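Residue-level structural notes
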Amino acid sequence: MNAQFVSLAVGYALGGGTLRRKGTKQRPWLEIRRLETEATYLGHQVRALQRAGGGSVRVDLDVVAGPGLYDLRRARLQSPLLERVMAIAAPDGLQVITPVALEVAGQRGLALLWLDQGRWEGPSALLPLRHPGEADLVRQLLRDLSIPCAPYPAQPATLRIAAGPMEALAQILRPHVHRSMRHALRQGSLHGAALASCKQPW
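Figured I'd write up the structure that's included with this text. These figures come from a predicted structure and were not determined experimentally. (Residues numbered from 1 in each chain as written. Predicted model: local features only at pLDDT ≥ 70, side-chain atom pairs only at ≥ 80, totals over all residues. Heavy atoms only, no water.)

Considering the packing of helix H4 (residues 99–117) against helix H5 (residues 132–144)
Threshold: For helices, the axis comes from a line fit to the C-alpha atoms of the stretch in contact; other axes are also lines fit to C-alpha atoms, and the angle between any two N-to-C directions lies between 0 and 180 degrees. Starting at the N terminus, helices and strands are each numbered in turn, a helix being any DSSP run of H or I of at least four residues and a strand any DSSP run of E of at least two. Under this scheme an angle from 65 to 115 degrees is roughly perpendicular, one under 35 degrees roughly parallel, and one over 145 degrees roughly antiparallel; angles in between are oblique. Should any heavy atoms of two residues lie within 4.5 Å, those residues are considered in contact. Residues are grouped as follows: nonpolar covers Ala, Val, Leu, Ile, Met, Phe, Trp, Tyr, Cys and Pro; charged covers Asp, Glu, Lys and Arg; every other residue, Gly included, is treated as polar.
Closest axis-to-axis distance for the H4/H5 pair is 11 Å, and the angle between their directions is 70°. Between H4 and H5, the angle is such that the two are roughly perpendicular. Every residue of H5 that contacts H4 at Pro 99, Leu 102, Leu 110 and Leu 113 is listed here: Leu 137, Val 138, Leu 141 and Leu 142. Here the residues of the contact of H4 with H5 sort into 8 nonpolar, no polar and no charged.

Structural data, given as structure tokens:
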């Protein structure tokens, strides 16, 4: 049960989730923000973490102003199990993609990374990472899945995946994507561009 929670939480942190220590006791928290139109998926994420956490998960839910027409639904979760998640996904207090994080999160983590960071640009897909080191790790993972990709011109921290390989990747990721979010795997979806506006400093 604990391993499932850690795998899920690391996966959410790979995507749009934010890990931080807060309060006088500096306890770890995981925050997830989603567009109001994605409230169903946020509910799924929260319930999955609660089930995997076995009663150890505290959840605070609220609504914050969004940058566009829609507000953002926000879930803030606290659990002692997040200490292990911090050690994997934010070892120095800073979130970073590491080989251990990718291994722990597995293909589901890759799916969550695409859902919250990926976007379509014409027939191709773009996957922006924070820095070239992260891009190298994800590129190697995709290569292991026989999905070719390359750094986007002038943006070495962004990977470009051509239409054919992205179609193959979508088939790999689809079983790990909640049904309410599978539209993000379809070419031309605006999901990634819209969600990028949700990532604000905590």
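Having seen it, we continue.
Considering the sheet that holds strand E8 (residues 155–161)
Selection rule: A strand pair is defined by DSSP finding two or more bridges across the two strands.
Pairing in this open sheet of 4 strands is antiparallel, and the strands run E5-E6-E8-E7 from one edge to the other. In the strand order of this sheet, the two ends are held by strand E5 (119–121) and strand E7 (150–152), each with one partner. Put simply, the sheet's adjacent strands are angled 45° from each other on average, direction ignored. Of the strands in this sheet, strand E6 (124–128), E7 and E8 touch H5, which is tilted by about 25° from E8. The sheet contacts of helix H6 (residues 163–173) involve E5, E6 and E8, and relative to E8 the element is tilted by about 80°.

So, the pairing of E8
Relative to E8, E6 is paired through 4 bridges, and the arrangement is antiparallel. From the neighbouring strand, Leu 126 faces E8, where its bridge partner is Arg 160. Where E7 and E8 come together, 3 bridges link them in antiparallel fashion. Residue pairing for E8: Pro 151 is matched across the bridge by Leu 159. Hairpin geometry of E7 and E8 is characterised by an intervening segment of 2 residues between the two adjacent antiparallel strands and by a positive phi of about 70° at Ala 154.

Some details on the packing of aromatic side chains
Note the cut-off: Note on ring pairs: Phe, Tyr and Trp rings are taken, using the six-membered ring of Trp, and paired if centres are within 6.5 Å. Classes follow the plane angle, with under 30 degrees stacked, over 60 edge-to-face and the rest tilted. Note on classification: 1.4 Å probe, protein chains only; a residue is buried when its accessible area is under 20% of the maximum for its type, exposed when over 50%, partly exposed between these limits.
For the structure on display, the rule yields 1 aromatic pair. With 5.9 Å between their ring centres and 80° between their planes, Trp 114 and Trp 120 make a pair best called edge-to-face. With relative accessibility at 4%, the residue Trp 114 sits in the buried group. On the accessibility criterion, Trp 120 (14% relative accessible area) is buried.

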